[in-house]
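Listed below, chain by chain, are the residues.
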Amino acid sequence: MALIDTTTGKVIREYSIEQLQEAANLMRGYDLVALCAAGSGHAGGTLSIMDVAAALYLKVANHDPENAFWPERDRIVWSTGHKAPSLYLGLAFAGFFPIEDVVTLRKLGSPYQGHPHWVKLPGVEVSTGSLGQGLSIAVGMALAAKLDERKNKVFCIMGDGEQQEGQIWEAAMEAGHFQLDNLIGIVDCNRLQIDGWVKDVMGVEPLAAKYASFGWDVLRIDGHNMLQVVDALEQARMANGRPVLVLADTVKGKGVSFMENVAGWHGKAPNREELTKALEEFGLSGRIPVPRLLGKAGQYQVEVEHRLDRKMPKFAHEYWWNANDEMKVKMEPTRKGFGQSLAENGKDERVVCLGLDISGSITISDFYAGKPERMKRWISMGIAEQSATSAAAGLAKEGKLPVLGTYATFAAARNLDQIRTSVCYGNFNVLIAGAHGGVSVGPDGATHQALEDLFAMQGLPNMSVVVPCDIIETRKAADYLLLQHQGPKYIRFAREATPIVTDASTPFVFGKANVIRFRQEQANFAEAFETQLASAYRGENEHLSIVACGPMVPEAMRAAYILKKEFGWEARVLNVHTLKPIDSEAIVRAALETGIVVTAEEHQIGALAWRVSGVLTESTQLYGVPLITGAIGVKDRFGDSGAPWELIKEFEVSAEHIAHKAAELMAFRQRRAAETREEGERFFFSGRR
């Protein structure tokens, strides 16, 4: 059995071993075309797992492409969610949807998200992306099948680096304890992860002995020998009384000479030239309609851009970044400021950095780059956020200055209890970096986009939270937090290049906001504004205030420019780089002196908006004072795959949206003022009569 027509009970198609090999080769070709069209993604692992994917979806697993939710189907869980293109192509080759549709991979609105989302695409069993969770989901599915007395199997695909996550071993223990013989784990043992060889980052072998000790039967195979793959999976289906693990030894980047066994191809997509070379090596030149597929992807992208343009607020002029000859801005990734700080301040022997597998991406590796003498203070923890957080607390207890970081969605969520109990409760001096905050991780999609992390971090007693606005402010914030600030601290910064709006002379005082005022158009955007500490600023009778943090500060500045040019309104921009402790005095003054406060955050609405609202409602100075407020941020939704700047538009957090909201509030105030005058006049004239 495998591909089944559930209306007749007949097998739709039988694949021979040779046909499966051919299908896997073709799937590899389409995989690289889709990645090339996306301009991002994970070539290495998608190529290593493709033989297993072909065997599962075309030969071994029972499912019906015309009946995706057939109750008796086998379930396939991709715990290693970044290999989503292999999943999509397995489904496509099985007939769930046209193969060519996968070329819209990672584009805004496409069901082929950077990490799989079952709500968007029938055939995908579960939404995954945060490593280490899939096996637990598979255990739950296997338990449900037992409870319902169904005979289906549950397959779970994992990576060998993923075995570093502690949750994997909780699930392994559970599967053995409950004797889940309907559960089949598959580990793609390609031996590489982002930071290098698995054995060097954090060794996981002997996996066979470890799983066996938890009550699993274990099979080890050549993951590129299709006969071995099929035989092992079919043998696993016959298990009785014990779960089965298939360890598939593979090659990362399989089939492409310049990709094989190269860690750098973990999260990289081929360009057009590299795609051509790869297809030649697969023997697929001319067999895949590359120009037509790339054209299809290009047309889809055009439609995305048109849709985004239609939903953007419109003004008399175009104000988008660098769209005009004036007000040009330079952009750099804020994460580089973090790396610069570690490179300089790492000379302090107390500083210890903990790696969590994406070290180069978040620039924490700058701590030791070119400085081999620091390697003894570089501790690679692998993909293990929870343990690393508590280990950092232990280091801090002994007088060290530990720094750990990963994507903000993992740095502040996966390990939240460890941060709360191990770090904050003990008030330990641990610096946590939440990298790639907001939507800046882009095409990776919702599982990797941190839109909730600031809720958690601000809610923890003893925790300080800083969200710098650009690369320069990130450097200043990291310098201060690392060597001067005592206690738990969280710094959040973006991945994408964002506008540089500060310089060396711009004030940065922890816990104190800056006021930014637009003065006049300049060739350089940043020079069109004046910045000073809020405590030193004297009001200029502005019409409204915009309170922002992080990359939304440049957007707020651009909104102030729009409001001045379009309406003649003056806006006071508050850069609240320190969310906790927040500068209450600056916020209250802005509210008293302007009467309108708009908050702007690249986060679910509330991390900044609710904190500012709390300040305003608690201030006795504002009792009885008319005040109008509005909030710009993500509106209670998960993220989506797409380019970072597309997502700024999609989530309605651009300067245009800030300016539009400000205009709405100004119009409301003007209407209320007119109504008040009319009421006064009616009262006056009725009194005279």
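Okay, so let's go over this structure.

Scoring rules and cut-offs
Residues numbered from 1 in each chain as written. Predicted model: local features only at pLDDT ≥ 70, side-chain atom pairs only at ≥ 80, totals over all residues. Heavy atoms only, no water. Core = buried A, V, L, I, M, F, W, Y, C linked by side-chain atoms within 4.5 Å. Buried < 20%, exposed > 50% of the residue type's maximum accessible area, 1.4 Å probe, protein only. Helix = DSSP H or I, 4+ residues; strand = E, 2+ residues; numbered from the N terminus. Contact = heavy atoms within 4.5 Å. Salt bridge = Lys/Arg side-chain N within 4 Å of Asp/Glu carboxyl O. Pairing = 2+ DSSP bridges. Axes fitted to C-alpha atoms, helices over the stretch in contact; angles between N-to-C directions.

### What to know about the nonpolar core
- With 76 residues, the main nonpolar core has Leu 32, Leu 56, Tyr 88, Phe 155, Ile 186, Leu 233 and Ile 288 as its most contacted residues.
- Among the elements that make up this core, the one with the highest residue count is helix α1 (residues 17–38) (13 residues).
- In this structure Leu 32 touches Ala 43, Leu 47, Val 256, Met 259, Pro 270, Leu 275, Ala 278 and Phe 282, once residues within four positions along its chain are discounted.
- If you look at the next biggest cluster of nonpolar residues, it comprises 51 residues, including Ile 546, Ala 548, Ile 596 and Ala 655.

### Concerning the pattern of salt bridges
- One pass over the full model with this rule turns up 43 salt bridges.
- Taking the shortest distance from any N to any O, the salt bridge between Glu 540 and Arg 519 comes out at 2.8 Å. Within this pair, whereas Glu 540 is found in the loop between β19 (529–533) and β20 (544–548), its partner Arg 519 is found in the loop between β18 (514–518) and β19, the two being separated by 21 residues in sequence.
- Looking at Glu 540, the relative accessible area reads 31%, which means it is partly exposed.
- Counted as one network, the salt bridges with shared partners bring together Arg 517, Arg 519, Glu 530, Glu 540, Glu 542, Lys 564, Glu 570, Arg 572, Arg 589 and Glu 593.

### A few points about unusual backbone geometry
- Of the consecutive residues Glu 205 and Pro 206, the connecting peptide bond is found in the cis state with omega at 5°.
- One can find Pro 206 in the loop between α7 (198–202) and α8 (207–213).
- Going from Lys 580 to Pro 581, the amide bond is cis rather than trans, its omega being 5°.
- When you line up the elements, Pro 581 lands in the loop between β22 (578–580) and α20 (584–594).
- Residues other than glycine seldom take positive phi values, yet His 436 does so here, at roughly 60°.
- The phi angle at Asp 636 is positive, at roughly 50°, despite the residue not being glycine.

### Some remarks on the sheet that holds β18
- Sheet architecture is open: 6 strands sit in the order β19-β18-β21-β20-β23-β24, paired in mixed fashion. With one partner strand each, in any of the chains shown, β19 and β24 (628–634) form the two edges of the open sheet. Each strand of the sheet is rotated relative to its neighbour by a mean of 20°, with strand direction disregarded.
- Looking at chain direction, β18 and β19 are connected through 5 bridges and run antiparallel.

Fair warning: the whole summary comes from geometry, so function is off the table for now.
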